[in-house]
Structures are given as C-alpha cells and as structure tokens.
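Architecture at a glance
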Amino acid sequence: MQIKMISGRSFNKVRILYLLLIGFMILLIYEKEAAMKAVIKNILIIVELILIIFLSVVVYFLYQKNNEAVTTMGAGSISTDQYEDIDRKVNENYYELSGKKILLEDGTYGEIWIPVLENVPAFSKEIDRIKTRNGRKYYLDGSDITSLLGVDVSVHQENIDWQKVKESGIDFAMIRLGYRGYGSGEAGLDENYAENIQGAREAGIDAGVYFFSQAITVEEAVEEANLVIESLKGLDINYPVVYDWEIIYDDTARTDNVSVDVLTDCCVAFCETIRNAGYTPMIYQNKRTTIFKLDLNRLTDYDFWLAEYGSEPTYYYDFDMWQYTSTGSVPGIDGDVDLNISFKDYSK
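Quick look at the structure, then. (Residues numbered from 1 in each chain as written. Predicted model: local features only at pLDDT ≥ 70, side-chain atom pairs only at ≥ 80, totals over all residues. Heavy atoms only, no water.)

What to know about the pattern of salt bridges
Summed over the entire model, instances satisfying the criterion amount to 16 salt bridges. A salt bridge links E223 to R180; its shortest N-O distance comes to 3.0 Å. Pair noted here: E223 is in helix 5 (residues 218-231) and R180 is in strand 7 (residues 172-180), with a separation of 43 residues, a long-range link. E220 serves as the salt-bridge partner of R254, at 3.0 Å between the closest nitrogen and oxygen. Here R254, found in the loop between strand 10 (241-245) and helix 6 (260-276), pairs with E220, found in helix 5; they are 34 residues apart in sequence, far enough to count as distant. Taking relative accessible area as the criterion, R254 reaches 25% and is therefore assigned partly exposed. Residues participating in the shared-partner salt-bridge network are R180, E220, E223, E224 and R254. (Salt bridge = Lys/Arg side-chain N within 4 Å of Asp/Glu carboxyl O. Helix = DSSP H or I, 4+ residues; strand = E, 2+ residues; numbered from the N terminus. Buried < 20%, exposed > 50% of the residue type's maximum accessible area, 1.4 Å probe, protein only.)

As structure tokens, this is what we get:
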C-alpha cells in the first residue's frame, strides 16, 4: 500500500483553513452569548419594572391605611382642646422675630445672619449723633453734649490722681470691686476698690462698681452679689452695680461650658439681688457674647453696658453705656485706660 505524504505547503493551507474554522466557530459562539445577554438584560428590566409597580402599590395602600389609623386615633383619643394645649406647649419657647437680621463676621463660617428678636428693644439713639473730639466720644443733641464721659479702672491702674482725672473732663468712673478666679473659682476683692471709690467721689466724679464674674451657678452669682453689697457698706456710689461675666479666650476656664440658660440665670440672680439691696443693676458684655451666650428676652429689665471698640457701635439692641476703647489716655492715670460714654445720667 502506498501512502502519499502531504507536502509542507499543503499542510500550511490545511492549518490555515482549520484556524479559520475555529475562528468562525468562536465568532458564532460570541454572537450567541451576546444575544443571550441582551435577552437576559431585557428580562431583568421587565422584572425591575414589575417590582417597582408592585412596591408602589404596596406603599400606596400602607399610606392610606396609616392615614385612616391616624384619623381614627385623633378623633377617638385626642380632643381639639388637647391639640391646642400641645401646640401651645411646643411653641411657647419660640421667640417672635421681627424679620430683620443682624450680620456678623466669623473666621470659620464667614457671614452669619442672626434673626432680630422682636421683644428686645433696638438701640434708641441715633448713630450719626455720636461724635469724636480729641479722641473722646460724645453724643450730641443739636450742639449740646448730652452724654457723659467715663473711665473704668481696677488695681491694674495702680495709684490714680482723681483730681487730675476730674480736671481732664471725666464725669464718672466704673470701679472694679471684686472678681472670681476663672481657674480657682475663689471670689475676692480688688485691693484698691475702696480707695478708688473714695478718691473719685471726693474729686466730684460719679462712681459705680463692677464685679468680674466667673460664676457657673445661680448660687455663685448670688454669692458675688452679696459680696458686693457687703463691701459697699459705708461707701458712696451713685452709678450702677454691674455684672461683668466674661469668656476667657486665652486659657482653659471653669466657665468654658456654661450654657446660655445658666449664664442668663446668673445675670438675673445677680441683678435681682443687687436691686433688692437698693442699687441699680447693670449687665456688661461685648457684642458677640451678648448675641451668642445670653437669652436677651429675659434681660430687658436691666440696663446694659456694651463693650465694642470702634468709631461707632454696631450692636443692634439698646444699651445705656458704651465702652469704646481700651487704649484711652487720661491725665492722672498711668498707661492705657478704658473709655466710656453714658447716655444716661445715673446720678440724678
């Protein structure tokens, strides 16, 4: 038997045809799989649509059933009067707003708009009547000066020549009587408070006092007020007794976490204790702390001493005294001193 051998060229042709056949088969398989995928995809889409329709129907019937249950419960268990009572209790702590807003600038949040409280009086003076002469602020009514010029001092001003202070045109002085430590919590007296009160009054300067508070409870605020009252015995003051609670910015303080309600309670407790002793109470505070840390609706019975440094005040609400700089210069007092104007003459 003879066997014919396939030549190398013929073998290559067969191999090429074989490869083409395999490629054709792979192409048929791929097209078939693609068609299957398309079919499966269409089936999935149809299933999803059916599920969406089904769930929508379920949600609709549950919603209807829930409404029927709420209506039945409301009609059967809660009366109209009860609803009104609940509504009153829910809303009684909300304040009425005038629709106006206060603009503040914050390093983190930028512009902050705070709604104006309708029941808290706005500043009652006209800003354009505040004038500056020789570095001192005055409030004018026509050509007449109707404000009074004052300083506030403590032991840090050391020995003060009150006669020179009077001759320089100062009308009143707010004198630190005492303080509470922001770390220790201990209350104490300013070393020079009595000497400063006596010196000012003898020079013909009206005098009031302030207490630097770091109270964290109503009991501590009352303790501070009683310390002031006891320490004023035998001394002559004719200006307000001021509650000066301040945030400590450059250190950790016991007052860091005092809430708005507690701080407002402390203000009320101090002021009422002072008032009951026959003195005029006042609250000292800066613009931002006042807006963010005080419930002003509860403090409208007390006069306010604003601390805001600048050419004119931007604080929206009313105030009776304005501390406008901490770098004032007054003959008889060494170094810088706070300067203030009062829109009210408390000596009368």
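Further notes follow.
Quick notes on the packing of aromatic side chains
All told, the structure shown has 14 aromatic pairs when counted by the stated rule. Arranged with centres 6.3 Å apart and planes meeting at 80°, the rings of Y210 and W305 form a pair that is edge-to-face. With a gap of 95 residues between them, Y210 in strand 9 (residues 206-213) and W305 in strand 12 (residues 303-307) connect regions that are remote in the sequence. As far as burial versus exposure is concerned, Y210 and W305 are alike and both buried. Arranged with centres 4.7 Å apart and planes meeting at 35°, the rings of Y243 and F270 form a pair that is tilted. Here Y243, found in strand 10, pairs with F270, found in helix 6; they are 27 residues apart in sequence, far enough to count as distant. F270 shares its class with Y243; the two are buried. (Phe/Tyr/Trp six-rings, centres within 6.5 Å; stacked < 30°, edge-to-face > 60°.)

Spatial relationships are all this shows, so hold off on functional conclusions.
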